[in-house]
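Read off the chains here:
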Amino acid sequence: MSGGIPGIGPTGDALAGPAEFEVTPVDAGRKPRADAARNRAKLLDAAARLAARCGAANLTMDAVAAEAEVGKGTVFRRFGDRNGLLLALLDHEEQRLQHAFLSGPPPLGPEAPALERLRAFGPAVMRHELDHIELYLAAQPPVERRCQVPARGLRRAHLAILLRQTEAAADVELAAETLLASIDTPLLHHLVTQRGFPLDRLDAAWQDLVTRYTTPPA
């Protein structure tokens, strides 16, 4: 993979488009043939059916192969491993979110002022991930790779650009990381599911962080 962050233009001041989750099939880098694309779609359809019936946490490569009526090796060749399969399943929903904040209507989209987009971003991401929480949790990469997933890099870059547009006095890169960490998927699951925090409390905390980072010093 080339240097830079997916979704950022060469000058670092523009988002180029959606970024996929980090899926590494064996034939990465080559344009898939039409039959290969159909086979991949067939496998993802089978995986989606199984996830709906049994839960994403219980999804296995063997079960997907059986559901799709193919050999297990076909599933491994297409997705690399179970994590790759789960990330591919997530990709469609994640790109819907990305399109909303890259090119959708206000307040998330580019027609709204930067501060409004910042305020809308956290609540939108939280609700999106809670709608698909089991899949997001099951697809978590190893700890050492979690900050390197391209989709996370796109979110971080988006926040940094909006912070710059508000002329925030904070260290923009660290502020973007902190904002992103506050809506980290496992943390969100812990706060909402295990500690019973209402979403409006988390929304208020996001707004407080945005205010702190974008208010000029006295």
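Before reading on, note that the structure itself is shown above.
Computed from a predicted model, the values in this text were never measured in an experiment.

In terms of helices and strands, the protein carries 10 helices and zero strands. Each helix and strand of the protein, ordered N terminal to C terminal, gives the series α-α-α-α-α-α-α-α-α-α. By the burial criterion, 42% of the 218 residues in the protein qualify as buried. For the protein, contacts bridging at least 24 residues in sequence account for 70% of all contacts bridging at least 6. When the accessible area of the protein is evaluated, it comes to approximately 11600 Å², of which 54% is carbon and sulfur surface.

The next subject is the layout of surface pockets. In this structure, the second largest pocket encloses a volume near 360 Å³. In terms of lining, the second largest pocket is formed by 22 residues, of which the most central are Gln140, Arg146, Arg152, Asp184 and Thr185. For the lining of the second largest pocket, the per-class residue count stands at 14 nonpolar, two polar and six charged.

Another point: the environment of Gly122. Mapped onto the elements, Gly122 comes out in helix H5 (residues 114–131). Its relative accessible area of 0% is what places Gly122 among the buried residues. For the pair Gly122 and Ser182, spaced 60 residues apart in the sequence, the C-alpha separation amounts to 8.8 Å. What Gly122 contacts, discounting residues up to four positions off in sequence, is Ile183 and Trp206.

Taken together, the buried positions of helix H3 (residues 72–79) are occupied by Val75, Arg78 and Phe79. Looking straight down H3, one finds its buried side chains confined to an arc of 75°; they lie on one side. Along its buried surface, H3 packs onto helix H1 (34–54), helix H2 (61–68) and helix H4 (82–103). Phi turns positive one or two residues past the end of H3, at Gly80, with a value near 85°.

Across its 22 residues, H4 extends 31 Å between first and last C-alpha, which sits within 8% of the 32 Å expected from 1.5 Å per residue. Its maximal kink placed at Asp91, H4 deviates by approximately 40°. By the N-cap criterion, in which a side-chain oxygen at the helix start approaches the backbone nitrogen of a residue two or three places on, H4 is capped by Asp81, the distance to Asn83 being 3.3 Å.

This part takes up the packing of H4 against H5. At a closest axis distance of 11 Å, the pairing of H4 and H5 adopts a crossing angle of 165°. Judged by the angle between their axes, H4 and H5 are roughly antiparallel. Note that H4 runs across H5; the crossing there is right-handed. Between H4, through Glu93, Glu94, Leu97, Phe101 and Leu102, and H5, the contact on the second element is made entirely by Arg117, Phe121, Ala124, Val125 and His128. By residue class, the composition of the contact of H4 with H5 is six nonpolar, one polar and three charged.

With respect to the secondary-structure elements, Asp203 resides in helix H10 (residues 199–214). Here Asp203 falls in the buried class, since its relative accessible area comes to 14%.

Moving on, we come to the pattern of salt bridges. Opposite charge on two side chains permits them to pair, given that their charged atoms come into close proximity. According to the stated counting rule, one finds 11 salt bridges in the structure shown. Connected through salt bridges with shared partners, the residues Arg49, Arg53 and Glu67 form a single ionic network.

About the cut-offs
Residues numbered from 1 in each chain as written. Predicted model: local features only at pLDDT ≥ 70, side-chain atom pairs only at ≥ 80, totals over all residues. Heavy atoms only, no water. Helix = DSSP H or I, 4+ residues; strand = E, 2+ residues; numbered from the N terminus. Buried < 20%, exposed > 50% of the residue type's maximum accessible area, 1.4 Å probe, protein only. Contact = heavy atoms within 4.5 Å. Areas by Shrake-Rupley, 256 points an atom, 1.4 Å probe, with all protein chains shown as cover. 1 Å grid on protein atoms, 1.4 Å probe; cavity = no way out; pocket = protein on both sides within 12 Å on 5 of 7 lines; lining within 4 Å. Points joined across faces, edges and corners; volume = space filled by probe spheres on them. Nonpolar A, V, L, I, M, F, W, Y, C, P; charged D, E, K, R; others polar. Arc of directions from axis to C-beta. Expected span 1.5 Å × (residues − 1). Bend = angle between axes of the 7 residues up to and from the residue. Polar contact = N/O pair within 3.5 Å; in protein donor to acceptor, adjacent residues only side chain to side chain. Axes fitted to C-alpha atoms, helices over the stretch in contact; angles between N-to-C directions. Parallel < 35°, antiparallel > 145°, perpendicular 65-115°, else oblique. Left-handed = near helix turned anticlockwise from the far one by under 90°. Salt bridge = Lys/Arg side-chain N within 4 Å of Asp/Glu carboxyl O.

Worth remembering: the numbers are spatial, not functional.
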